[in-house]
Amino acid sequence: MKLLLQCAAILFITSCATKEQKEIIAHRSASGYLPEHTLEGAAMAHAWGVDFIEPDVVMTKDNELVILHDHHLDTTTNVAKVFPNRARKDGRYYVIDFSLKELKTLKVHERLDLSTKKRVFPERFEFNKSRFEIPTLTEFIELVQGLNKTTKRNVGIYPEIKKPEFHLSEGKDITKAVITTLRNYGYEESGNIYIQSFWPATLKRLKTEFKTSIPLVQLIASDSWNESSANYEEMLTKEGLKEISTYADAIGPWLNQLYVLKKGEIIPNNVVSNAHEAGLKVHPYTHRLEQLPKGMTNKMFLDFVFDELEVDGIFSDYADLVVKYLD
Ligand code: CA
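In what follows, the accompanying structure is described. The shown structure was predicted, so the numbers you read here are calculated from the model rather than taken from an experiment.

Section: the layout of surface pockets
Right, on to step 1. Estimated volume of the largest pocket: approximately 900 Å³.
Right, on to step 2. What lines the largest pocket is a set of 36 residues, among which R28, H69, W225, E227 and R288 lie closest to the centre.
Right, on to step 3. Partitioning the lining of the largest pocket into residue classes produces 14 nonpolar, ten polar and twelve charged.

Considering the coordination of the calcium ion
Reference geometry at the metal: tetrahedral coordination by four donors gives ideal angles of 109.5 degrees; octahedral coordination by six donors gives 90 or 180 degrees.
Right, on to step 1. Here the calcium ion is held by the protein donor atoms E54 (OE), D56 (OD), D56 (OD) and E160 (OE), which lie 2.2 to 2.9 Å from it.
Right, on to step 2. In terms of primary sequence, the donors binding the calcium ion are separated according to E-x1-D-x103-E. A residue pair is termed long-range when its members are at least 10 positions apart, and E54 in the loop between β4 (52–53) and β5 (56–59) and E160 in strand β8 (residues 160–161) qualify at 106 residues. Comparing E54 with E160 shows no difference in burial state: the two are buried.

Considering empty space enclosed by the protein
Right, on to step 1. Counting across every chain of the model gives two cavities of 30 Å³ or more.
Right, on to step 2. Computed from the structure, the largest cavity encloses a volume of approximately 80 Å³.
Right, on to step 3. Taken together, 13 residues form the lining of the largest cavity, with S31, E36, E110, F121 and R124 sitting closest to its centre.
Right, on to step 4. For the lining of the largest cavity, the per-class residue count stands at three nonpolar, three polar and seven charged.

Structural notes on the pattern of salt bridges
Any two side chains of opposite charge can pair, so long as their charged atoms come close to each other.
Right, on to step 1. Inspection of the entire model under this criterion finds 22 salt bridges.
Right, on to step 2. Between R28 and E36 there is a salt bridge, and its shortest N-O distance comes to 2.9 Å. Residues R28 and E36 agree in their burial class; the two are buried.

Things to note about the environment of I267
Right, on to step 1. For I267, the location among the structural elements is in strand β13 (residues 265–268).
Right, on to step 2. I267 sits 37 residues away from F304 along the chain, and the two C-alpha atoms are 9.1 Å apart.

Conventions adopted
- Residues numbered from 1 in each chain as written.
- Predicted model: local features only at pLDDT ≥ 70, side-chain atom pairs only at ≥ 80, totals over all residues.
- Heavy atoms only, no water.
- 1 Å grid on protein atoms, 1.4 Å probe; cavity = no way out; pocket = protein on both sides within 12 Å on 5 of 7 lines; lining within 4 Å.
- Points joined across faces, edges and corners; volume = space filled by probe spheres on them.
- Nonpolar A, V, L, I, M, F, W, Y, C, P; charged D, E, K, R; others polar.
- Donors = N, O, S within 2.8 Å, 3.2 Å for Na, K, Ca; no water.
- Helix = DSSP H or I, 4+ residues; strand = E, 2+ residues; numbered from the N terminus.
- Buried < 20%, exposed > 50% of the residue type's maximum accessible area, 1.4 Å probe, protein only.
- Salt bridge = Lys/Arg side-chain N within 4 Å of Asp/Glu carboxyl O.

Quick look at the structure:
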């Protein structure tokens, strides 16, 4: 957000530490308040004055780009009710097996846990109330650009290319489709965008094959999540971060990868400083009121994140609170 001077109210202070520009990313739009990845949520996040709104992007059977966190449909839509016979052998409903027209008949709802069928965040938006659609990437971009015009703001977008390996194995080049759409909407030179992916090969392709000037973010998962075939433990080492800096501009690590808990104390490890040394910005995920470290208030946590961890930005489900905090 805006440049803030952090001057202690002490006389004879010789220098003021400047809080550099922190970047606030509305994680899956306004997911603390409205079902994730809906246009309604994007409009809400835009009104907060965040720096970026995040769309996660997956591809349909007919090669359209839609905004969903998963390449499956079963945890955030009523697909099983509308298309009961369209699951694969593993029981999952894949976005890539449906046309855009079919997807547009589904209702988006608050996230369910796949195994328990219970809500992941029970206190969030009323389950199955109102009606929310799966947006396309172009609908999302046109909404953000339209609001930028009417509000005279310059809110950016922070698209994630989801599961590029899976898409390629299904014969879909999602990376090419995403960069083409972004270029069509003027993002190549806009300075108002980052592209993120968990799979390094996608980012490397964007840089070398597509020669994009859009800043790239290497997302870092826990190896236990089987997010891609990459080795994330290695990425978090000093050498790993140096290697990332050859093709990306920032990392998006899991917050828990940036600190250790010792005798009830929360202490930064050296990932952020090593990343900065390698010339990488650090934008961790995800700030959630429901998942603050034990014993911490929201204010204590944001103080820790910005003043002690010294990250350059953050993904938040409650980006409005981060905007207020940094203002
Ligand atoms: Ca994401």
